[in-house]
Amino acid sequence: QNLGALIRTAEAVGAAAVLLPRHRSCGLTPTVVKSSAGAALHLPVVSIGNAVQLLGAAKKNEWWVAGLDMDGSAKPPDLDPQLRWLIVVGGEDRGLRPLLRRHCDFVVSLPQKGKVSSLNLSVAAGVLLYQIALGKE
């Protein structure tokens, strides 16, 4: 359901696609499509092989890479909304893998005032996606 919610938000903000690693990630299942409220039918959801190679190719094509992690040093306003962004979200339980983290231009954390240590993965990604999308307007 996290993936479906993330796809729904990505489609709502005008993202170009959602990229899913073939290994270590949930696939595009009927539950994901249903929880996306149909957004998975309108937004390309692409299965990718090696994520590190993809990040390298994206950077060569003038994409900036931001990882989302509760231990990140950057904040959402640090990301220039006029640039093209590829947002990397780690697993709900383990966050960004160290190798992916090293390939990010920024590692972003969301400021929190409450007592819980982190937000749900799809909520945190949604906050960041909207921050970037609203900055373009």
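Coordinates for the structure precede this section.
Residues numbered from 1 in each chain as written. Predicted model: local features only at pLDDT ≥ 70, side-chain atom pairs only at ≥ 80, totals over all residues. Heavy atoms only, no water.

K.L.:
Would you mind going over helix α1 (residues 2–13) with me for this structure?
P.N.:
Side chains of residues three or four places apart in an α-helix project in the same direction, reflecting 3.6 residues per turn. Here α1 is 12 residues long and its end C-alpha atoms lie 17 Å apart, about the 16 Å a rise of 1.5 Å per residue gives. Turning to α1, its buried residues are L3, G4, L6, I7, T9 and A10. Taken together, the buried residues of α1 touch β1 (18–21), α2 (30–35), β2 (45–48), β4 (84–89) and α5 (121–135). Looking at the residues trailing α1, positive phi occurs at G14, about 90°. (Helix = DSSP H or I, 4+ residues; strand = E, 2+ residues; numbered from the N terminus. Expected span 1.5 Å × (residues − 1). Buried < 20%, exposed > 50% of the residue type's maximum accessible area, 1.4 Å probe, protein only. Contact = heavy atoms within 4.5 Å.)

K.L.:
I would appreciate a short explanation of unusual backbone geometry in the present structure.
P.N.:
Peptide bonds are trans in most cases, and residues, glycine excluded, mostly fall at negative phi. With a phi angle near 55°, A37 is a residue other than glycine that sits in the positive phi range. With respect to the element layout, A37 can be found in the loop between α2 and β2. Phi at E62 is positive, roughly 65°, even though this residue is not glycine. By the element assignment, E62 lies in the loop between α3 (51–60) and β3 (63–68). For E62, a relative accessible area of 65% translates into the label exposed.

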